[in-house]
Amino acid sequence: MLKKLSRFIAICLVIFLVTIIFLKFSGFYQKIFYPIKYENYVVEYSDKYDMDKYLIYSVIKTESNFDEKAVSNVGARGLMQLMEEAYDWVKYRMGDDRNITYDEMFNAEYNIEYGTYMLMLLRSEYGNDETAIAAYHAGRSAVNGWLKNSEYSSDGKTLTKIPSKSTAHYVSKVIKAYEGYKNLYN
């Protein structure tokens, strides 16, 4: 009886290990953690605003985990978690005269369009993705202050250290997701 039980446990263990190995190397496992959702909008607006679609997916994953109805504890809305002030700033910079309100940031298309445009503006302003991502999270005024401090930036353009733990963690999560997306889908 003990011999049969041991054999059964060994077979179950082998099946479990083979399944784990298959999932890990088949890409299926990674695709669960790095999903491609809202592809039509991400591709459309990343192409339109010359942004890497995998960076957009990474921000969406980090911000809302693809929940278009997400609301943060500070009131940011939608897939890319836009605050009302950011929405107003982007709408003005886009010259968007459509009758789109902040309430429509729960609409996946508008949220991805506005969030992608905002990232494009920040990347244009700062010249690199990591500083732009920090500004997306902490705001331009915080990042501009950090860039003026030689403890955080040696050249006034690139952050070498992010003094906010939550922003540093956020940037790290986005970059990790970005690398995951590129490695999996490129």
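These notes cover the structure that comes with them. (Residues numbered from 1 in each chain as written. Predicted model: local features only at pLDDT ≥ 70, side-chain atom pairs only at ≥ 80, totals over all residues. Heavy atoms only, no water.)

**Points about the overall build of the protein**
Looking only at helices and strands, one finds nine helices and zero strands in the protein. Listing the helices and strands of the protein from first to last along the sequence gives α-α-α-α-α-α-α-α-α. The burial tally for the protein puts 39% of its 186 residues in the buried class. In the protein, of all internal contacts separated by at least 6 residues, the share reaching a separation of at least 24 is 56%. (Helix = DSSP H or I, 4+ residues; strand = E, 2+ residues; numbered from the N terminus. Buried < 20%, exposed > 50% of the residue type's maximum accessible area, 1.4 Å probe, protein only. Contact = heavy atoms within 4.5 Å.)

**Quick word on the nonpolar core**
Counting residues in hydrophobic clusters, the biggest one holds 49 residues, and the most contacted among them are I60, M80, Y114, Y136 and V143. Counting only elements with at least two residues in this core, the list comes to α3 (39–48), α4 (53–64), α5 (84–94), α6 (108–126), α7 (129–138), α8 (140–147) and α9 (165–185). Broken down by element, this core gets its largest block of residues, 10 residues, from α6. Look past the residues within four positions of I60 in its chain and what remains in contact with it is V42, N65, F66, L79, M80 and I112. (Core = buried A, V, L, I, M, F, W, Y, C linked by side-chain atoms within 4.5 Å.)

**Regarding the packing of aromatic side chains**
Applying the stated criterion to the full structure yields 10 aromatic pairs. Between Y54 and Y57 the ring centres are 6.5 Å apart and the planes differ by 35 degrees, which places this aromatic pair in the tilted class. With Y54 and Y57 both in helix α4, this residue pair falls three residues apart, about one helical turn. The two residues Y54 and Y57 agree in class, both being buried. Note on Y57 and Y181: the rings are 5.6 Å apart at their centroids and 20 degrees apart in plane angle, and the pair reads as stacked. Here the residue Y57 occupies a position in helix α4, and Y181 occupies one in helix α9, the gap between them amounting to 124 residues. The exposure class assigned to Y57 is buried, which follows from its relative accessible area of 1%. Given the relative accessible area of 0%, Y181 is considered buried. Three or more aromatic residues link up through ring pairs in this structure, and these residues are Y34, Y54, Y57, Y181 and Y185. Sitting above the plane of the Y34 ring, K61 keeps its charged end 5.8 Å from the centroid. (Phe/Tyr/Trp six-rings, centres within 6.5 Å; stacked < 30°, edge-to-face > 60°. Lys NZ or Arg CZ within 6 Å of the ring centre and 35° of its normal.)

**Digging into the environment of R123**
Mapped onto the secondary structure, R123 falls in helix α6. Between the alpha carbons of R123 and M51 there is a distance of 9.1 Å; along the sequence they are 72 residues apart. When neighbours within four sequence positions are excluded, R123 is seen to be in contact with Y49, D50, M51, N128, D129 and A132.

**Section: the side chain of E113**
Positionally, E113 belongs in helix α6. For E113, the side chain forms a polar contact with the side chain of R98, separated by 2.9 Å. Discounting chain neighbours no more than four positions away, the residues touching E113 are Y45, K48, Y49, M94 and R98. (Polar contact = N/O pair within 3.5 Å; in protein donor to acceptor, adjacent residues only side chain to side chain.)

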